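# Coordinates in review
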Amino acid sequence: MIPEAILNSVPEDLREISQKIVKGERITTEEGILLFKSNEIALLGVLASSVRNRINGKKTFFNRNFHIEPTNICIHNCKFCSYRKPAGSPDSWDHTPEKIMEIVRSFDNKPVTEVHIVGGVHPEHDLHYYGNILKQIKEYRPDLHIKAFTAIELDYMIHKAGVSIPEGLRLLKEYGLQSIPGGGAEIFDEEIRKEICDDKSTSKLWLRIHEEAHKAGIPSNATILYGHIETYEHRIDHLNRLRDLQDRTGGFNAFIPLKFRMENNTMSETGEVSIIEDMKNYAVSRLFLDNIPHLKAYWPALGKESTQLSLSFGVDDVDGTIDDTTKIYSMAGAEDQRPVMGIAEISKLICGAGMIPVERDTLYNTVKE
Ligand code: V47
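### A word on helix α15 (residues 343-352)
Buried within α15 are the following residues: I346, S347, L349 and I350. Buried positions in α15, seen along its axis, are confined to an arc of 160° and lie on one side of it. Along α15, exposed side chains directed more than 90 degrees from the buried face belong to A344, K348 and G352. Buried-residue contacts for α15 involve β1 (59-63), α14 (304-310), β8 (317-320) and β9 (356-360).

Okay, structure coming up:
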């Protein structure tokens, strides 16, 4: 609960919104934009923390995970991407199923609970190609939860197999798919999307695939790519579309704001936003998305120190141990060129912010508190 004296000292234009938030009422589009435009960063932290405490208390979640990035060859050419390389380039890769199983086996005897599989949209691979890989992983290591493929990859692989979206998702679930990561959402506003990733699956398709997945009993995450050429109005529009979908399905577990990183891509001249903007973005996301239970700071993208600070701005999840298995952010200029965090370091980061570390599985069941 926020003390009355603090609420009374809130600037007049934010007093009503603050009171609504404290009472647990939903905020409107206009109120979301007003919060973004305010520079009351400490107030945003207090408000977002009150919502975080109501939903998750002081618990801060993490898991033991690793990534597999099957390929960086991609039919799309997003301006912000530092990861994609053309087929034939010495820096491109397309791992064989054998190589992918070798990566899985390198985690033998390690208590990981999740594999996160995401990569480029390879022109030649359909859902049966990837489905057979999921099947092999599941047969080899049934205890591993498979969170795989952005809606953009799914759109292409399902279409290539010539089946409908519901049928494609049903088949992938049968092969072993258990949940879907949040990537590929970028920014839903059609004009901005056209500017930064013109040839990518549309916002409507991204939302449709997640909706169909939820209907098929496959939970998912959602992201936003922020801090480039979008405005606060575009960010709230994005959050609004997610809030509406979540009202219908309840299938999103976590929302993950992804800060645009500028190295080695064709949007470098855009620069990067400040840490104040990062914290504001977490706080407003927590306040606006009243129906998505978890807000995640993805530490390999944001950096460890900012991740620790974000726990005072509504964040309750820091993702996982990673074990140096992802290149998407190191290629885009993130601080950690070889992202790894052991359990002791993650726990120290969380405790240092006055929170309680909780190891979770992908679906937020407690593994160890
Ligand atoms: O969709 C690519 C983003 C996403 C850059 O669901 C960039 O648990 C910033 O979605 N600067 C993929 N962002 C990663 C992703 C993700 C990560 C961690 C956890 C989960 C989850 C999902 O990475 C892409 C795109 O939005 N991205 N390039 C860049 N230069």
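We are not done yet, so read on.
### Looking at the packing of aromatic side chains
All told, the structure shown has eight aromatic pairs when counted by the stated rule. In textbook terms, an aromatic cluster arises when at least three aromatic residues are bridged by ring pairs, as seen for Y129, Y130 and F149. The ring of F288 carries the charged tip of R243 above its face, separated from the ring centre by 3.8 Å. Sitting above the plane of the Y364 ring, R360 keeps its charged end 4.3 Å from the centroid.

### Observations concerning the environment of S274
On the secondary structure map, S274 appears in the loop between β6 (252-259) and α12 (275-288). Look at S274 and you get partly exposed, because its relative accessible area is 40%. Sequence separation between S274 and G227 is 47 residues; the distance between their C-alpha atoms is 8.9 Å.

### What about the pattern of salt bridges?
Pairing of side chains with opposite charge becomes possible as their charged atoms draw close. Taken as a whole and judged by the stated rule, the model has 27 salt bridges. E190 is the partner of R241 in a salt bridge, and the nearest nitrogen-oxygen pair spans 3.1 Å. Of this pair, R241 sits in helix α11 (residues 232-249) while E190 sits in helix α9 (residues 190-197), and the two are 51 residues apart along the sequence. Accessibility expressed as a relative area gives 45% for E190, which makes it partly exposed. Each of R26, D247 and D290 takes part in a single network of salt bridges with overlapping partners.

### What to know about the site of the ligand
With respect to spatial proximity, 23 residues lie near the ligand, and among them K147, G182, G184, E186 and Y329 are the closest. In the environment of the ligand, an oxygen atom lies 3.1 Å from a nitrogen or oxygen atom belonging to the backbone of G183. A distance of 2.8 Å separates a nitrogen atom of the ligand from a polar backbone atom of R261. When the free accessible area of the ligand is taken as 620 Å², the share hidden by the protein chains comes to 95%. Most atoms of the ligand, that is more than half of them, are within 2 Å of grid points of the largest cavity. Contributions of two or more residues to the shell around the ligand are made by β5 (220-226) and β6. Considering only residue class, the shell around the ligand consists of nine nonpolar, eight polar and six charged.

### Thoughts on the domain arrangement of the protein chain
By a frequent convention, interface size equals the accessible area lost on bringing the separate parts together. By the assigned domains, the protein chain splits into domain 1 (4-49) and domain 2 (59-368). Distance between the C-alpha centres of domain 1 and domain 2: 29 Å. Across the contact, 18 residues belong to domain 1 and 21 residues belong to domain 2. Summed over both sides, the interface of domain 1 with domain 2 buries roughly 1,700 Å², with 69% coming from carbon and sulfur. For the pair domain 1 and domain 2, the number of links is three salt bridges. For R26, the salt bridge identified is with D247, shortest N-O distance 2.8 Å. Where the side of domain 1 that touches domain 2 is concerned, the elements lending two or more residues are α3 (29-37) and α4 (41-56).

### Overview of the layout of surface pockets
Empty space among the atoms becomes apparent when a probe as large as a water molecule is rolled across them. In this structure, the largest pocket spans a volume of roughly 270 Å³. Looking at the largest pocket, it is lined by 14 residues, and the ones nearest its centre are H95, D324, T325, T326 and K327.

### Examining unusual backbone geometry
Within the chain, E186 stands out as a residue other than glycine whose phi angle is a positive 50°. Relative to the elements of secondary structure, E186 occurs in the loop between α8 (165-175) and α9. A residue is classified by how much of its surface remains accessible, and E186, at 8% relative accessible area, is buried. In this model, I322 sits at a positive phi of 65°, which is unusual for a non-glycine residue.

### A short note on the packing of helix α2 (residues 12-22) against α3
With their axes 11 Å apart at the nearest point, α2 and α3 run at an angle of 115° to one another. Viewed along their axes, α2 and α3 form a crossing whose handedness is left-handed. Of α3, the residues touching α2 (which contributes D13, L14, I17, K20 and I21) are E31, L34 and L35. The residue inventory of the contact of α2 with α3, partitioned by class, reads five nonpolar, no polar and three charged.

The rules behind each value
Residues numbered from 1 in each chain as written. Predicted model: local features only at pLDDT ≥ 70, side-chain atom pairs only at ≥ 80, totals over all residues. Heavy atoms only, no water. Buried < 20%, exposed > 50% of the residue type's maximum accessible area, 1.4 Å probe, protein only. Helix = DSSP H or I, 4+ residues; strand = E, 2+ residues; numbered from the N terminus. Arc of directions from axis to C-beta. Contact = heavy atoms within 4.5 Å. Phe/Tyr/Trp six-rings, centres within 6.5 Å; stacked < 30°, edge-to-face > 60°. Lys NZ or Arg CZ within 6 Å of the ring centre and 35° of its normal. Salt bridge = Lys/Arg side-chain N within 4 Å of Asp/Glu carboxyl O. Near = heavy atom within 4 Å. Polar contact = N/O pair within 3.5 Å; in protein donor to acceptor, adjacent residues only side chain to side chain. Areas by Shrake-Rupley, 256 points an atom, 1.4 Å probe, with all protein chains shown as cover. 1 Å grid on protein atoms, 1.4 Å probe; cavity = no way out; pocket = protein on both sides within 12 Å on 5 of 7 lines; lining within 4 Å. Sits in = over half its atoms within 2 Å of the grid points. Nonpolar A, V, L, I, M, F, W, Y, C, P; charged D, E, K, R; others polar. Domains from an automatic or database assignment. Buried area = accessible area lost by both parts, 1.4 Å probe. Points joined across faces, edges and corners; volume = space filled by probe spheres on them. Axes fitted to C-alpha atoms, helices over the stretch in contact; angles between N-to-C directions. Left-handed = near helix turned anticlockwise from the far one by under 90°.

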